[in-house]
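What follows is the residue order along each chain.
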Amino acid sequence: MRSFAYLRAESFPAASAALETPESLPKAAGTDLLDLLKERVVEPAALVDLSRIERAQSDPGVLSALATLAELAEDEGIRRDFPALHAAARQAATPQIRNRGTLGGNLCQVSRCPYLRRAGASCFKRDGSPCGALLPGGFDRTHAIFDVGPCACAHPSSLAPALIALGARVRLVRGEERRVLALEELYAPPAPGRLGDVALRPGELVEAVLLEASPRSRNSVYLEMRERESFDFALVSVAAAVELREGRVRSVRVACGAVAPRPRRMREVEAALRGRPLDAESIAGAADAARVAARPLRSNGFKATILHRLCVRALEELRQ
Amino acid sequence: MSQRTLELGFSGHSEERRVEVPPDAPPPWDLRSDLKVAGKPHPRLEARLKVTGAARYTADQRLPGMIFAGAVRSPHAHARVRRLDLSRAKKLPGVLYSEAYPQREVRYAGQAVAALAAESEQVLDDALALVEVDYEVLPHVVRTEDALAEDAPAVAGRRNVRQGRGMRRGSLRRVEEAHARADVVLTREYRTQVQTHTCLEPHGSVARWEGDRLTVWASTQATFAFRQTLARALGISAAQVEVITEHMGGGFGSKFGADAWDVFAARAARATGRPCFFMLDRRAEHLVAGNRPDSIQRCTFSVRRDGKLLGAQVTSHGTAGLGRGAGVLNPAIYAFEATYSDQYDVLTHAGSARAFRAPRHPQGVFALEGMLDELAEAIGMDPLELRRKNDPHPVRQAQYDVGAEAIGWSRRKPSGSSPGPLKRGLGVAAARWAHNARPGTAVRCRIGRDGSVLVANGSQDIGTGTRTILAQIVAEELGLPLAAVEVRLGRTRDPYGHGSGGSVTAPSIAPPARRAAYACRQRLLAAVAAALGCEAESLSLREGRVHGAERELSFAAACGLLPTESIEATATGGPEDMSYPSFTREVAGVQFAEVEVDAELGTVRVVKVVAVQDCGLVANPLLARSQINGGVLQGISYALHEERILDARTGDMLNANLLDYKILGAREVPEIVAIPFSVANGRTSTGMSSLGEPPTVPTAGAVANAVANAIGARVRSLPITPEKVLAAIAEAERTRRASDGEKKKKKKKRIF
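None of these values were measured; they are calculated from a predicted model.

K.L.:
What is the right way to look at the overall build of chain B in this model?
P.N.:
The secondary structure content of chain B amounts to 18 helices and 31 strands. Compactness check: chain B gives a C-alpha radius of gyration of 29 Å against a globular reference of 27 Å for 752 residues, within 12% of the reference. Sorting the 752 residues of chain B into buried and exposed places 60% on the buried side. Put simply, 79% of the contacts in chain B that link residues at least 6 apart link residues at least 24 apart. Of the roughly 28,900 Å² of accessible surface on chain B, 50% is carried by carbon and sulfur atoms. Counting 99 positive and 84 negative side-chain charges, chain B places the averaged centre of each group 4 Å from the other.

Structure below.
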């Protein structure tokens, strides 16, 4: 890896200021960043270490971006009020990575696309060259089935779909400035030079995730399909949260991971359910709606099938 | 020569055999031998060192002043090197040695074009990035199917498709005649993938010169071959080289000699006067250090309605990259009336294959056992029954019973009848191997006047437990507890031993170890006979004591009577203890698998594997089970996960790491019932059979058959991934619907 300056930040504003230096990158746990550095996929001049930042007093509705996945998975309040988040955090990566890896790092992580992760390979996001997965003979099996433009990356975060289904917002910090966004608005379409798919301004960082417990958040679920139970990324993940009143769907949020360049809010699924009884018929209709907009690539049509079936399973679990 | 009657075979199936035992050799162990240490479940001697991290592997070596080496590798599968410039890299402070390989062409991604050695790993990494290479990219082909095309780029010479000697076997005419007599003839295509060895410890070595003598710590499964190939490459005599392999982090057939990087390390160490460390990184490990070839097997098999197997015809194409040896081995297990196989290597621009744990077998058995199940299904016979009817091996016949009982074969339901989305299924497959005891291994045994016992051999313990087995054999022969014997392995200054290939190590090293100990024992008894007042022939050594007719002595006291500081004997495995008539000619194994398939998502979970494996006489049940467990795990990993993925456009490997190249992990481990099946085959004085490779042979076949039983549809391609499972189910449903439609039409016809 290229040599870099190492800066340890004491606070988010200080980290944010340090990140104004060109060619700098933030590092939380560094579980993935270190691999990207070794592969020379990123070659920053400076790393700003966030891991020593003192965390603010915890408020049940405010999750620090520096909370580890293990902390989220073990939190009783999260298990009770946000079961989808609990399930996503519990299944992520490996015990070692969950002990170090952070919420913010999970949300801002870089796609697992092998072209993106190989210095020298053709990649739209690294340098604007054609997406290797979309070129003739390219490997597209694990890639997106929705919204494929010049890049076929699938977004790898498992916490993002769970949190989107839970209606989470993110608080961003830049210097002394703060702003709050709906989580789905954190993500931006693939663009050259932006590996992480997040619409952060220079020096801006995710500081916290804001959640509100509700009957809907308590009736939430996260399911994922992956090839290996021991350390793997999901090929498809589905998160759903449903509030039922008098047997009908009063409010619903559904999101999917690993199927599009960004974590994808499934508005077509929500529309198919809203106001209807949550029964086998409406669930079948909603699952059908989930794949209407899917446009699989040469070898990943099976992801649309799996998405359909995971949607059925997720919604079946919420029938009560 | 003395005459002996041995009882050979296995429990419930034995026979007596008269043999002649040479005067200086111990009589072979058989079913009647009452062994105290050998054959017992002693934990591996270095177990504590390994689990605590105290065992020092080659990759752990850190010598004073050591420098680090690495290579610049081509990212292109086929390219002409127009320019290669090391000048910037060499100017970097701390870069100490370099070599350029100005070959005209690179022919696979990963091929080295230059190598460097530097003060530290960081300097090395920076320097490698400064090497400038200008490639002119040339047409390439990396996929077997693409290389078969008429207009495919030629990889070497004119034709990509080659047939070596011995790759066409049997008689096509006789097979066709057999097919003609059959009730069912099926033609199917089976495919397997390229699997990389993925040794946990990468390839490589650490070289240190002292004057004109070279010491090399090597991660090798063949210390002596390593010494030979390295010495030859350096133009020095093997006697100047000492190879040390204290512990070995996996070889699986890919570490049989010194490689280019080992030669570089030795040259860099000589040029700089400092020890040099060169271990491959994980990417290079996948690209350049060998693999198991893939295969496309076109099979036509036939059977009579009563279950008699008739013809087996296999045409296979596979790629060993730039190398050779992509054939498959299949119909040899069952007694077909006629077999014919026609095998072709397909050259591609990819790293060469190397021997990989039971080369040719797992891929062949996957197709063979799949075909057997398909034939059984076609004639409506239980698949296990079909195997029993056609298997001539007495040991496997017994293993079918043991395994069927352990897995609960009677629970097996007709294929596809499991209800609900989670479907269970059972499958069976078999393996054969040869009794590979090779003469030529030498073992030295020394008993000191202080009562110490040392046994030494220069070959390596690849991880199978050779060190422990040697101690057990010698302790048994000397009537001592295991702890009384010290073993030294893995130093080429000690007597010769073979490379660990073909599962030869334990069967080949045990007989000379026993005979060396036997010789020491005879001399010890002769030395103390007078003190005990009787003839040496009437003395015995057991439980740590020398027993005479009236008096006895502790082993240590007996050693104290030795006239010299120590007694020593070296024995070499040869006809005197390795060529008795044997009970069977082949090592037999049977495996049963139970799987659970999520038929909606396509995921497969292996629930249980029962592996019944012929071990000859079991050297150590713990070690034997460990070998079987390892073979089964590697087999499941091959069946469900592992696959080298090359980008067709660039020829580069896309999953050259340990996340995307999926090896089975802890949570994929099923319940494994490893059953070491003891058979006294009598061939050698110690009776151990080959065990390293056979347990990985049938696993993929058994798992695939269990999947087919679960879902009522067959995946004929490895690895069995979710999309293949879903596609097979969808295809079966289409066929069923079409045939239901046909039936309805017929009904309608009848009505109208």
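From this point, the discussion proceeds with the structure in view.
K.L.:
Looking at this model, I keep getting lost on the overall build of chain A. Mind explaining?
P.N.:
The helix and strand tally for chain A stands at 14 helices and 11 strands. Expected size for 320 residues packed as a compact globule is a radius of gyration near 20 Å; at 19 Å, chain A falls within 12% of this value. Across its three principal directions, the C-alpha atoms of chain A cover 60 × 55 × 35 Å. Counting the 320 residues in chain A, one finds 60% classified as buried. Here the analysis covers contacts within chain A between residues at least 6 apart in sequence; of these, 66% occur between residues at least 24 apart. If you sum the accessible surface of chain A, you get close to 12,900 Å²; carbon and sulfur atoms cover 50% of it.

K.L.:
What am I meant to see in the sheet that holds strand S4 (residues 62-64) of chain A here?
P.N.:
Two modes of strand pairing occur in sheets, parallel and antiparallel, and in both the strands are linked by backbone hydrogen bonds. Residue and element names in this part refer to chain A. What the 4 strands build is an open sheet, ordered S4-S7-S5-S6; its pairing is antiparallel. Every other strand in the sheet has two partners, leaving S4 and strand S6 (177-182) as the edge strands with one partner each. Taken over all neighbouring pairs, the strand axes of this sheet differ in orientation by 30° on average, direction set aside. Where strand S5 (residues 169-174) lies against S6, 6 bridges are found, and the strand directions are antiparallel. By the bridge assignment, Arg171 is partnered in S6 with Val180.

K.L.:
Looking at this model, I keep getting lost on the packing of aromatic side chains. Mind explaining?
P.N.:
How two aromatic rings sit relative to each other is set out by the distance from centre to centre and by the angle between their planes. Residues and elements named next belong to chain B. Following the criterion strictly, the structure yields 11 aromatic pairs over all chains and no others. Arranged with centres 5.3 Å apart and planes meeting at 55°, the rings of Phe68 and Phe277 form a pair that is tilted. With a gap of 209 residues between them, Phe68 in strand S3 (residues 67-73) and Phe277 in strand S16 (residues 276-279) connect regions that are remote in the sequence. Judged by relative accessible area, which is 10%, Phe68 ranks as buried. Of the residues examined, Phe277 reaches a relative accessible area of 8% and is grouped as buried. Both rings, one in Phe224 and one in Tyr496, keep their centres 4.9 Å apart while their planes meet at 50°; by these two values the pair is tilted. Of this pair, Phe224 sits in helix H6 (residues 223-234) while Tyr496 is found in the loop between strand S24 (485-489) and helix H13 (505-532), placing the two residues 272 residues apart along the sequence. Look at Phe224 and you get buried, because its relative accessible area is 8%. Following the ring pairs from residue to residue traces out a cluster consisting of Phe10, Phe583 and Phe677. Its end group placed over the ring of Phe356, Arg292 keeps NZ or CZ at 4.6 Å from the ring centre.

K.L.:
Got a minute to help me understand the interface of chain A and chain B in this structure?
P.N.:
Many authors give the size of an interface as the accessible area that is lost as the parts come together. At the junction of the two partners, chain A supplies 29 residues and chain B supplies 32 residues. With both chains or domains summed, chain A and chain B bury close to 2,700 Å², and 50% of this area falls on carbon and sulfur atoms. Area buried by chain A at its contact with chain B is led by Arg118, Arg228 and Arg313 of chain A, which between them contribute 24% of it. In this assembly, chain A and chain B are joined by 8 salt bridges. A salt bridge links Arg141 of chain A to Glu723 of chain B; its shortest N-O distance comes to 2.3 Å. Across the chain A-chain B interface, the total number found is 17 residue pairs in polar contact (both at pLDDT 80 or more). Looking at which element gives the most residues to the side of chain A that touches chain B, the answer is helix H14 (residues 301-317) of chain A, with 6 residues.

K.L.:
Help me out: how do you make sense of helix H12 (residues 466-478) of chain B in this one?
P.N.:
Side chains that are three or four residues apart share a direction in an α-helix, a result of its 3.6 residues per turn. In this model H12 of chain B runs 18 Å from its N-terminal to its C-terminal C-alpha over 13 residues, within 8% of the 18 Å that 1.5 Å per residue would give. A positive phi of about 65° marks Gly479 of chain B, the residue just after H12 of chain B.

K.L.:
Explain the pairing of S5 of chain A to me, please; I cannot follow it from the model alone.
P.N.:
Each regular strand carries side chains that alternate between the two faces of the sheet. Residue and element names in this part refer to chain A. A loop of 2 residues connects S5 with S6, the two strands running antiparallel in sequence, and Gly175 in this loop sits at a positive phi of about 60°. Bridging between S5 and strand S7 (residues 205-210) involves 5 bridges; their strand directions are antiparallel. The residue bridging Val170 from the neighbouring strand is Val209, located in S7.

K.L.:
Honestly, the packing of helix H9 (residues 361-379) of chain B against helix H17 (residues 699-711) of chain B in this entry has me stumped. Any pointers?
P.N.:
Angle between the axes and distance between the axes are the two parameters that describe a pair of packed helices. All names here are of chain B. Following both chains from N to C, one finds H9 and H17 inclined at 35°, their axes separated by 8 Å at the closest point. Here H9 runs over H17; the crossing is right-handed. Residues Phe366, Glu369, Gly370 and Asp373 of H9 form the contact with H17, whose own contacting residues are Ala700, Gly701, Ala704 and Asn705. Residues belonging to the contact of H9 with H17 are distributed by class as follows: 3 nonpolar, 3 polar and 2 charged.

K.L.:
When you look at the confidence of the model for chain B in this model, what are you seeing that I'm missing?
P.N.:
Close reading of the predicted structure is inappropriate where its pLDDT is low. Chain-level statistics for chain B give a pLDDT mean of 96 and a share of 99% at 70 or above. Here the predicted complex carries an ipTM of 0.97, next to a pTM of 0.97.

K.L.:
What is the right way to look at the environment of Val673 of chain B in this model?
P.N.:
Residue and element names in this part refer to chain B. Note that Val673 resides in strand S31 (residues 671-677). Expressed as a C-alpha distance, the spacing of Val673 and Val141, which sit 532 residues apart in the sequence, is 43 Å. Once residues lying within four places of it in the same chain are set aside, the contact partners of Val673 are Lys608, Val609, Val610 and Ala611.

K.L.:
How should the pattern of salt bridges be read in this particular structure?
P.N.:
Should their charged atoms come close, side chains of opposite charge can pair. All names here are of chain B. Scanning the model with the defined rule gives 86 salt bridges over all chains in all. When the shortest N-O distance is used, the salt bridge between Glu145 and Arg191 registers 2.9 Å. Of this pair, Glu145 sits in helix H4 (residues 144-148) while Arg191 is found in strand S11 (residues 184-192), placing the two residues 46 residues apart along the sequence. Note on Arg191: relative accessible area 25%, which makes it partly exposed.

K.L.:
Hey, could you run me through the environment of Arg714 of chain B in this one?
P.N.:
All names here are of chain B. Tracing the backbone through its elements, the reader meets Arg714 in the loop between H17 and helix H18 (722-751). Residue contacts for Arg714: discarding those within four places in its chain leaves Tyr190, Gly370, Asp373, Glu374, Ala704, Asn705, Ala708 and Ala728. Within the structure, Arg714 has its side chain in polar contact with the side chain of Asn705 (distance 2.9 Å).

K.L.:
Is there a simple way to explain the side chain of His78 of chain B in this structure?
P.N.:
All names here are of chain B. One can find His78 in the loop between S3 and strand S4 (79-85). Looking at His78, its side chain comes within polar contact range of the side chain of Glu105, at 2.9 Å. Apart from residues lying up to four places away in sequence, His78 is in contact with Glu105, Val106, Arg107, Glu136, Val137, Leu138, Pro139, His140 and His349.

K.L.:
I keep staring at the sheet that holds strand S25 (residues 540-542) of chain B and nothing clicks. Help me out?
P.N.:
Residue and element names in this part refer to chain B. Taken in spatial order, the 3 strands of this open sheet run S25-S26-S27, and their pairing is antiparallel. The open sheet has two edge strands with one neighbour each: S25 and strand S27 (552-554). The mean inter-strand angle of the sheet, taken between neighbouring strand axes irrespective of direction, is 25°. Bridge count for strand S26 (residues 545-547) against S27 is 3 bridges, and the pairing is antiparallel. Residue His547 lies in a different strand from S27, and its bridge partner there is Glu552. In the packing of H13 onto the sheet, contacts are made with S25, S26 and S27, and the angle to S25 comes to roughly 110°.

K.L.:
Could you clarify how one ought to interpret unusual backbone geometry in this entry?
P.N.:
Trans peptide bonds make up the majority, and among non-glycine residues the majority have a negative phi. A cis geometry characterises the amide bond from Leu718 of chain B onward to Pro719 of chain B, with omega recorded as -5°. Within the secondary structure layout, Pro719 of chain B lies in the loop between H17 and H18. In the Ramachandran plot, Glu246 of chain A falls in the positive-phi region, its phi being about 50° despite a non-glycine side chain. Relative to the assigned elements, Glu246 of chain A resides in the loop between strand S9 (236-245) and strand S10 (248-257). In this model, Ser503 of chain B sits at a positive phi of 55°, which is unusual for a non-glycine residue. For Ser503 of chain B, the location among the structural elements is in the loop between S24 and H13.

K.L.:
What exactly am I supposed to notice about helix H11 (residues 394-407) of chain B here?
P.N.:
Residue and element names in this part refer to chain B. The first and last C-alpha atoms of H11 sit 20 Å apart over 14 residues, in line with the 20 Å expected at 1.5 Å per residue. Along H11, the residues classified as buried are Val395, Arg396, Ala398, Gln399, Tyr400, Gly403, Ala404 and Ile407. As for H11, its buried residues are in contact with strand S1 (2-10), helix H10 (383-390), strand S21 (422-434), strand S29 (586-598), strand S30 (603-614) and S31. Phi for Gly408, located one or two positions after H11, is positive at around 75°.

K.L.:
When you look at the side chain of Lys662 of chain B in this model, what are you seeing that I'm missing?
P.N.:
Looking at where Lys662 of chain B falls in the secondary structure, it is placed in the loop between helix H16 (621-640) and S31. Judged by its relative accessible area of 11%, Lys662 of chain B falls in the buried class. A polar contact of 2.8 Å, which involves the side chain of Lys662 of chain B, links it to the side chain of Asp232 of chain A. Excluding its chain neighbours within four sequence positions, the residues that come into contact with Lys662 of chain B are Glu227, Arg228 and Asp232 of chain A together with Ser637, His641 and Glu642 of chain B.

Rules used in this analysis
- Residues numbered from 1 in each chain as written.
- Chains lettered and ligands numbered in written order.
- Predicted model: local features only at pLDDT ≥ 70, side-chain atom pairs only at ≥ 80, totals over all residues.
- Heavy atoms only, no water.
- Helix = DSSP H or I, 4+ residues; strand = E, 2+ residues; numbered from the N terminus.
- Rg over C-alpha atoms; globule rule 2.2 N^0.38 Å.
- Buried < 20%, exposed > 50% of the residue type's maximum accessible area, 1.4 Å probe, protein only.
- Contact = heavy atoms within 4.5 Å.
- Areas by Shrake-Rupley, 256 points an atom, 1.4 Å probe, with all protein chains shown as cover.
- Lys, Arg positive; Asp, Glu negative; His and termini not counted.
- Charge placed at Lys NZ, Arg CZ, Asp CG, Glu CD.
- Pairing = 2+ DSSP bridges.
- Axes fitted to C-alpha atoms, helices over the stretch in contact; angles between N-to-C directions.
- Phe/Tyr/Trp six-rings, centres within 6.5 Å; stacked < 30°, edge-to-face > 60°.
- Lys NZ or Arg CZ within 6 Å of the ring centre and 35° of its normal.
- Buried area = accessible area lost by both parts, 1.4 Å probe.
- Salt bridge = Lys/Arg side-chain N within 4 Å of Asp/Glu carboxyl O.
- Polar contact = N/O pair within 3.5 Å; in protein donor to acceptor, adjacent residues only side chain to side chain.
- Expected span 1.5 Å × (residues − 1).
- Left-handed = near helix turned anticlockwise from the far one by under 90°.
- Nonpolar A, V, L, I, M, F, W, Y, C, P; charged D, E, K, R; others polar.
- pLDDT = per-residue confidence, 0-100.

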